Amino acid sequence: MKKYIALIAHDAKKDAIVALADTFQALLRRYPLVGTGETGRRIHAATGLDVKQMQPGPMGGDQQIGGMIAAGEVLAVVFLRDPLTAQPHEPDVSAFLRLCDVHSIPVATNAVSARILLTALDGQMAVFSE
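Per an unreviewed UniProt entry, the protein goes by the name Methylglyoxal synthase and belongs to Megasphaera vaginalis. Its UniProt record gives the protein the following Catalytic activity (unreviewed entry) comment, quoted word for word: "dihydroxyacetone phosphate = methylglyoxal + phosphate".

Below, the structure written as structure tokens:
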């Protein structure tokens, strides 16, 4: 079973993650995808990519994906964060990122690092274990 690529974005970054998914459609079609509520819906609507949709982030969607990380079901995470807007669920975001670190899951938190991560996945770099 292939591991998931998780796609998450704060509200101000949803357009950016949709654009990123559009650019990397060929790669993303090769993996199962999981995303938080609105992010997953918007990516699917714009690209046709099949995204397993969890709850919205503030309603526990990031924690649901965190459970998948703990279970060894996630290969990589793209979490486009909005660093300029206060997030009421910031403690949940910090816990999520800590979980990625604990389980050695590569995580990109901005568009440039996401392009680097997805390009590395596309090249099947040996650093990723599936």
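Further remarks concern unusual backbone geometry. Here Ser104, not a glycine, exhibits a phi torsion of approximately 55 degrees, which is positive. The exposed category is assigned to Ser104, whose relative accessible area is 62%.

Further remarks concern the sheet that holds strand β2 (residues 33-35). Spatially, β3-β2-β1-β4-β5 is the arrangement adopted by the five strands of the open sheet, whose pairing is parallel. Single-partner strands in this sheet number two, and they are β3 (51-53) and β5 (107-108). Summarising the sheet, β2 and β3 pair through three bridges and their orientation is parallel. Across the sheet, the residue bridging to Gly35 is Gln53, located in β3. In this fold helix α4 (residues 61-70) packs onto β1 (4-9), β2 and β4 (74-80), with an angle of close to 150 degrees to the strand it touches most, β4. Strand contacts of helix α5 (residues 90-102): β1, β4 and β5, with the helix running at about 145 degrees to β4, the strand carrying the most contacts.

Moving on, we get to the pairing of β1. In the case of a regular strand, side chains alternate between the two sheet surfaces. β1 sits mainly inside the fold: six of its six residues count as buried. A two-sided burial pattern is seen for β1, the buried positions comprising Tyr4, Ala6 and Ile8 on one face and Ile5, Leu7 and Ala9 on the other. Pairing of β1 with β2, which is carried by three bridges, proceeds in the parallel orientation. Considered in β2, the bridge of Ala6 is made with Val34.

Here we come to the packing of helix α1 (residues 14-23) against helix α3 (residues 37-47). Relative to each other, α1 and α3 sit at 45 degrees, their axes nearing to 9 Å. The angle between the axes of α1 and α3 places the two elements in the oblique class. In the packing of α1 onto α3, the handedness of the crossing is right-handed. Contact with α1, carried on its side by Lys14, Asp15, Ile17, Val18, Ala21 and Asp22, involves Glu38, Thr39, Arg42, Ile43, Ala46 and Thr47 of α3 and no other residues of that element.

Our focus in this paragraph is the packing of aromatic side chains. Taken as a whole and judged by the stated rule, the model has one aromatic pair. For the ring pair Phe79 and Phe96, a centre distance of 5.8 Å and an interplane angle of 75 degrees mean the geometry is edge-to-face. Here the residue Phe79 occupies a position in strand β4, and Phe96 occupies one in helix α5, the gap between them amounting to 17 residues. Phe96 matches Phe79 in its accessibility class, with the two residues each being buried. When the ring centre of Tyr31 is taken as origin, the NZ or CZ atom of Lys2, which lies over that ring, is 4.7 Å away.

Thresholds applied
Residues numbered from 1 in each chain as written. Predicted model: local features only at pLDDT ≥ 70, side-chain atom pairs only at ≥ 80, totals over all residues. Heavy atoms only, no water. UniProt positions renumbered as here; feature names shortened; annotations may be inferred. Buried < 20%, exposed > 50% of the residue type's maximum accessible area, 1.4 Å probe, protein only. Pairing = 2+ DSSP bridges. Helix = DSSP H or I, 4+ residues; strand = E, 2+ residues; numbered from the N terminus. Contact = heavy atoms within 4.5 Å. Axes fitted to C-alpha atoms, helices over the stretch in contact; angles between N-to-C directions. Parallel < 35°, antiparallel > 145°, perpendicular 65-115°, else oblique. Left-handed = near helix turned anticlockwise from the far one by under 90°. Phe/Tyr/Trp six-rings, centres within 6.5 Å; stacked < 30°, edge-to-face > 60°. Lys NZ or Arg CZ within 6 Å of the ring centre and 35° of its normal.

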